[in-house]
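Chain and residue survey
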Amino acid sequence: MAEALKKEKNIYTYSDYALWPDEERWEIIHGEAYSMAPGASDIHQDTSGELYLEFGNYLRGKICRVYHPPFDVILAEEGETFETASNIVQPDITVICDKNKITKKGCFGAPDLIIEILSPSSARRDTKDKRRLYQKFGVKEYWIADPVHKKVDVYRLGEDGKYKFPDIYAGDDKIKVGIFNNELEIDLAVIFPDHK
């Protein structure tokens, strides 16, 4: 589908995206459509599930909310509306603390924290394209979880609006979540259990 669509149009927006079949998963970055992998591996699902549980349990009864796919994050460039937005992503984990950004269609605006879990088909996009995208739109924390090597790179937005070099966590490290004033610690021994 992507190749046929690309031949017809140079830039895709949310209006196009909303018409595509629900059973197909797509992201649009700077107007370019990317097909997402049809199914995640067991290690990807385990990592996603553990992260979701950790954040979900901590956030129960609090203002912030945690979401997992399929959940759209719409990042509109200046002058773009919801319908004309040319950046639509579905992060593995999304944390939003501003309820005004949450709509029936997803999140409109930058979440507070995004986690992407690496897979062979998405590694370049997650480490380069999305990192730049999330920095540009002001996502305060961006985590890249690598379940194969059992490590997490954590990018935190500086006062200058740029991500610094990532803090790298591995082994039995615990990550203090900055957007919660370090009240929540994520234990990597729980996130990356031994796989058979």
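Nothing here was measured: the structure is a model prediction, and the numbers come from that model.

Remarks on the nonpolar core
L51, F55, V95, W143, V177, F180 and I186 are the most contacted members of the largest nonpolar core, which has 25 residues in total. Elements with a minimum of two residues in this core: α3 (42–59), β6 (93–96), β9 (113–117), β10 (141–146), β11 (151–156) and α5 (188–191). Considering every element that reaches this core, the biggest residue donor is α3, with four residues. With residues near it in sequence (within four places) discarded, L51 still touches I93, I115, I117, W143, I186 and I191. Formed by 17 residues, the second largest nonpolar core is a distinct cluster that contains C107, I114, Y134 and Y142.

Describing helix α4 (residues 123–137)
With 15 residues, α4 extends 20 Å from end C-alpha to end C-alpha; this agrees with the ideal 21 Å at 1.5 Å per step. The sharpest bend along α4 comes to roughly 40°, located at K130. Burial in α4 covers these residues: R125, D126, D129, K130, L133, Y134 and Q135. Just beyond α4, the residue with positive phi is G138, at close to 85°.

Details of the environment of E83
Its place among the elements puts E83 in the loop between β4 (73–74) and β5 (88–89). E83 gets classed as partly exposed once you look at its relative accessible area, which sits at 32%. For the pair formed by E83 and K105, sequence separation is 22 residues and the distance between their alpha carbons is 11 Å. In this structure, E83 is in contact with T13, Y14, S15 and K105, ignoring residues within four places of it in sequence. Among the polar contacts made by the side chain of E83, one reaches the side chain of K105 at a distance of 2.9 Å.

Some details on the pairing of β9
The buried fraction of β9 amounts to five of the five residues, a majority that puts the element mostly inside the structure. Across three bridges, β6 lies against β9 in antiparallel orientation. Note on β9: the bridge partner recorded for T94 is I114. The pairing of β9 with β10 spans five bridges and is classified as parallel. Residue I114 lies in a different strand from β10, and its bridge partner there is Y142. With α4 bridging β9 and its parallel neighbour β10, the resulting β-α-β unit is right-handed.

Side note on the layout of surface pockets
Computed from the structure, the second largest pocket encloses a volume of approximately 350 Å³. What lines the second largest pocket is a set of 18 residues, and nearest its centre among them are Y17, D22, P70, D72 and Q90. Of the residues that constitute the lining of the second largest pocket, the class distribution is eight nonpolar, three polar and seven charged.

The rules behind the values
- Residues numbered from 1 in each chain as written.
- Predicted model: local features only at pLDDT ≥ 70, side-chain atom pairs only at ≥ 80, totals over all residues.
- Heavy atoms only, no water.
- Core = buried A, V, L, I, M, F, W, Y, C linked by side-chain atoms within 4.5 Å.
- Buried < 20%, exposed > 50% of the residue type's maximum accessible area, 1.4 Å probe, protein only.
- Helix = DSSP H or I, 4+ residues; strand = E, 2+ residues; numbered from the N terminus.
- Contact = heavy atoms within 4.5 Å.
- Expected span 1.5 Å × (residues − 1).
- Bend = angle between axes of the 7 residues up to and from the residue.
- Polar contact = N/O pair within 3.5 Å; in protein donor to acceptor, adjacent residues only side chain to side chain.
- Pairing = 2+ DSSP bridges.
- Right-handed = clockwise from strand over helix to strand, strands pointing away.
- 1 Å grid on protein atoms, 1.4 Å probe; cavity = no way out; pocket = protein on both sides within 12 Å on 5 of 7 lines; lining within 4 Å.
- Points joined across faces, edges and corners; volume = space filled by probe spheres on them.
- Nonpolar A, V, L, I, M, F, W, Y, C, P; charged D, E, K, R; others polar.

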